[in-house]
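What follows is the residue order along each chain.
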Amino acid sequence: VGVDDGLATHMLDIRVRDNGCGMNPEKLEALKSRLRESVEHRNETGIGLTNLYSRLTLLYNGLADMRIESTYLEGTTVTLQIPVTEENQICIKH
């Protein structure tokens, strides 16, 4: 798990990495497509990443993002990008 405070970029980055089997490019693209569709159509078809992405998008009015990178047989990294606002900036500094 890694965290960048985001004060310079106005975005808080939270990264979670694993060293599992990763995903091939086709599976990764299918996951990204499913995430986009769930937000665009508000059709939550599962839990986990889909639920998290939908909630971030709603909570931050589309300003938050989730990036997923994966290399087959090497692992996966999920990065959440959350906008730094006046409301949450105090928590980040402490």
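We now turn to the structure provided with this report.

Definitions and cut-offs
Residues numbered from 1 in each chain as written. Predicted model: local features only at pLDDT ≥ 70, side-chain atom pairs only at ≥ 80, totals over all residues. Heavy atoms only, no water. Helix = DSSP H or I, 4+ residues; strand = E, 2+ residues; numbered from the N terminus. Buried < 20%, exposed > 50% of the residue type's maximum accessible area, 1.4 Å probe, protein only. Contact = heavy atoms within 4.5 Å. Areas by Shrake-Rupley, 256 points an atom, 1.4 Å probe, with all protein chains shown as cover. Core = buried A, V, L, I, M, F, W, Y, C linked by side-chain atoms within 4.5 Å.

Here we take up the overall build of the chain. Counting its secondary structure elements, the chain contains three helices and four strands. Scanning the chain from its N terminus toward the C terminus, one meets helices and strands in the order β-β-α-α-β-β-α. Counting over 94 residues, the chain shows a buried share of 35%. Contacts in the chain between residues far apart in sequence, at least 24 positions, make up 53% of those at least 6 positions apart. A total of about 6,500 Å² of accessible surface is found on the chain, and carbon and sulfur atoms cover 53% of it.

What follows is about the nonpolar core. Formed by 15 residues in total, the largest nonpolar core has its most connected members in Leu35, Leu56, Met66 and Ile68. Breaking this core down by element, the ones donating at least two residues are α1 (25–40), α2 (49–59), β3 (65–71) and β4 (75–83). What Ile68 contacts, discounting residues up to four positions off in sequence, is Met23, Leu28, Leu31, Lys32, Leu35, Leu49, Thr76, Thr77 and Val78.

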